[in-house]
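Residues per chain, in single letters:
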Amino acid sequence: MLAHEIKNPLSGIRGAAQLLETAVVDEDRALTRLICDETDRIVSLVDRMEVFSDERPVDRVPLNIHSVLDHVKAVAKAGFARNIKISENYDPSLPQVFANRDQLVQVFLNLIKNAAEAVGDRPEGEIILTTAYRPGIKLSVAGTREKVSLPLEFCVHDNGPGVPSDLLPHLFDPFITTKTNGSGLGLALVAKIIGAHGGIVECDSQSQRTTFRVLMPASKGANEYDDTSRP
Ligand SMILES: Nc1ncnc2c1ncn2[C@@H]1O[C@H](COP(=O)(O)OP(=O)(O)OP(=O)(O)O)[C@@H](O)[C@H]1O
Ligand SMILES: [Mg+2]
């Protein structure tokens, strides 16, 4: 409701600025553009914030994570990671993950975008995507003796300068950013989506070696891990 109440007057402000744009002298046009650009920025911030308060269950299906990662890689290579080497080391016999495809695409876009921004234009910069099956990883459920298994591991590694150590304890909180134009919502969204899927995300960062690791439960009903296809 609040989002709606914010976006309504903004669209009025934007419309008025657009009308003014045709009437003002050239040097003032930069100001009407600024009004439009900044209102657009608030709308997109509100849109991103809306996702956090959305508690509706999402549609999930068994997915091949490699098709998700390959799609995100193609998007990255066509845009923000045009000049960055992205390689992969996949476990081809990994079972499917039970997830919402659009949300997983969003997760890995955010992680790969951060990695690309960390690597910047260093010539030796590289991003590596890895997947693995880790049957030993179990998570205790708070207040119970139950343990859930999170055997699917998807990682985004980069060789950028690493996450500043003072940031690490708050890394997944909203509005934590070191970037001039960053909203600091990327990783908060990653944590929210992965948490809603019953998984966890963690970061291990040193200079030249930063890893964001997503651990997820295996898809219910998906084929068990196929040991015979391992070398
Ligand atoms: N791979 C990485 N290497 C180094 N620092 C990172 C990496 N990923 C994230 N960070 C640090 O964590 C901060 C928060 O990241 P997050 O994605 O939440 O927000 P952002 O990238 O600053 O803004 P936005 O994602 O909204 O554009 C970043 O500003 C950066 O300082
Ligand atoms: Mg980001």
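Residues numbered from 1 in each chain as written. Chains lettered and ligands numbered in written order. Predicted model: local features only at pLDDT ≥ 70, side-chain atom pairs only at ≥ 80, totals over all residues. Heavy atoms only, no water.

A. Quick look at the confidence of the model for the protein chain. For the protein chain, the average pLDDT comes to 90, and 95% of its residues sit at 70 or higher. Low confidence marks residues 222-231, where pLDDT is under 50. Its contacts with residues over four positions away, or in another chain, come to 12 contacts. (pLDDT = per-residue confidence, 0-100. Contact = heavy atoms within 4.5 Å.)

B. How the structure looks around the site of ligand 1. Lining the immediate environment of ligand 1, one finds 22 residues, of which Asn114, Thr177, Thr178, Lys179 and Ser183 sit closest. One of the side-chain N or O atoms of lysine 179 is found 2.7 Å from an oxygen atom in ligand 1. Taken by itself ligand 1 offers 590 Å² of open surface, and the protein chains cover 92% of this. When atoms are counted within 2 Å of each cavity's grid points, the one that captures over half of ligand 1 is the largest pocket. Among the elements that make up the shell around ligand 1, the one with the highest residue count is helix α4 (residues 101-119) (four residues). (Near = heavy atom within 4 Å. Polar contact = N/O pair within 3.5 Å; in protein donor to acceptor, adjacent residues only side chain to side chain. Areas by Shrake-Rupley, 256 points an atom, 1.4 Å probe, with all protein chains shown as cover. 1 Å grid on protein atoms, 1.4 Å probe; cavity = no way out; pocket = protein on both sides within 12 Å on 5 of 7 lines; lining within 4 Å. Sits in = over half its atoms within 2 Å of the grid points. Helix = DSSP H or I, 4+ residues; strand = E, 2+ residues; numbered from the N terminus.)

C. The pattern of salt bridges, seen in detail. Applying the stated criterion across every chain yields a total of 15 salt bridges. Residues arginine 41 and glutamate 38 are paired through a salt bridge, measuring 3.0 Å at the closest nitrogen-oxygen approach. One end of the pair, arginine 41, and the other, glutamate 38, are both in helix α2 (residues 26-53), three residues apart, so they sit about a helical turn from each other. For arginine 41, a relative accessible area of 54% puts it in the exposed group. One connected set of salt bridges, linked through shared partners, spans Arg134, Glu153, Glu202 and Arg213. (Salt bridge = Lys/Arg side-chain N within 4 Å of Asp/Glu carboxyl O. Buried < 20%, exposed > 50% of the residue type's maximum accessible area, 1.4 Å probe, protein only.)

D. Looking closely at the environment of isoleucine 6. With respect to the secondary-structure elements, isoleucine 6 resides in helix α1 (residues 2-23). Separated by 97 residues in sequence, isoleucine 6 and glutamine 103 place their C-alpha atoms 25 Å apart. Other than its neighbours up to four places away in sequence, isoleucine 6 contacts Ile42 and Val46.

E. Focus on the domain arrangement of the protein chain. As assigned here, the protein chain comprises domain 1 (2-53) and domain 2 (61-216). Placing a centre on the C-alpha atoms of domain 1 and another on those of domain 2 gives a separation of 32 Å. If you look at the interface, domain 1 gives five residues, while domain 2 gives seven residues. Of the roughly 660 Å² buried where domain 1 meets domain 2, counting both sides, 74% is carbon and sulfur surface. (Domains from an automatic or database assignment. Buried area = accessible area lost by both parts, 1.4 Å probe.)

F. The packing of α1 against α2, seen in detail. For the pair α1 and α2, the least separation of the axes is 9 Å and the interaxial angle reads 160 degrees. When the axes of α1 and α2 are compared, the pair comes out roughly antiparallel. Crossing hand, α1 versus α2: left-handed. In this structure, α1 uses Ala3, Ile6, Lys7, Leu10, Ile13, Arg14, Ala17, Gln18, Leu20, Glu21 and Thr22 to contact α2, whose residues at the interface are Arg29, Thr32, Arg33, Ile35, Cys36, Thr39, Asp40, Ile42, Val43, Val46, Asp47 and Glu50. (Axes fitted to C-alpha atoms, helices over the stretch in contact; angles between N-to-C directions. Parallel < 35°, antiparallel > 145°, perpendicular 65-115°, else oblique. Left-handed = near helix turned anticlockwise from the far one by under 90°.)

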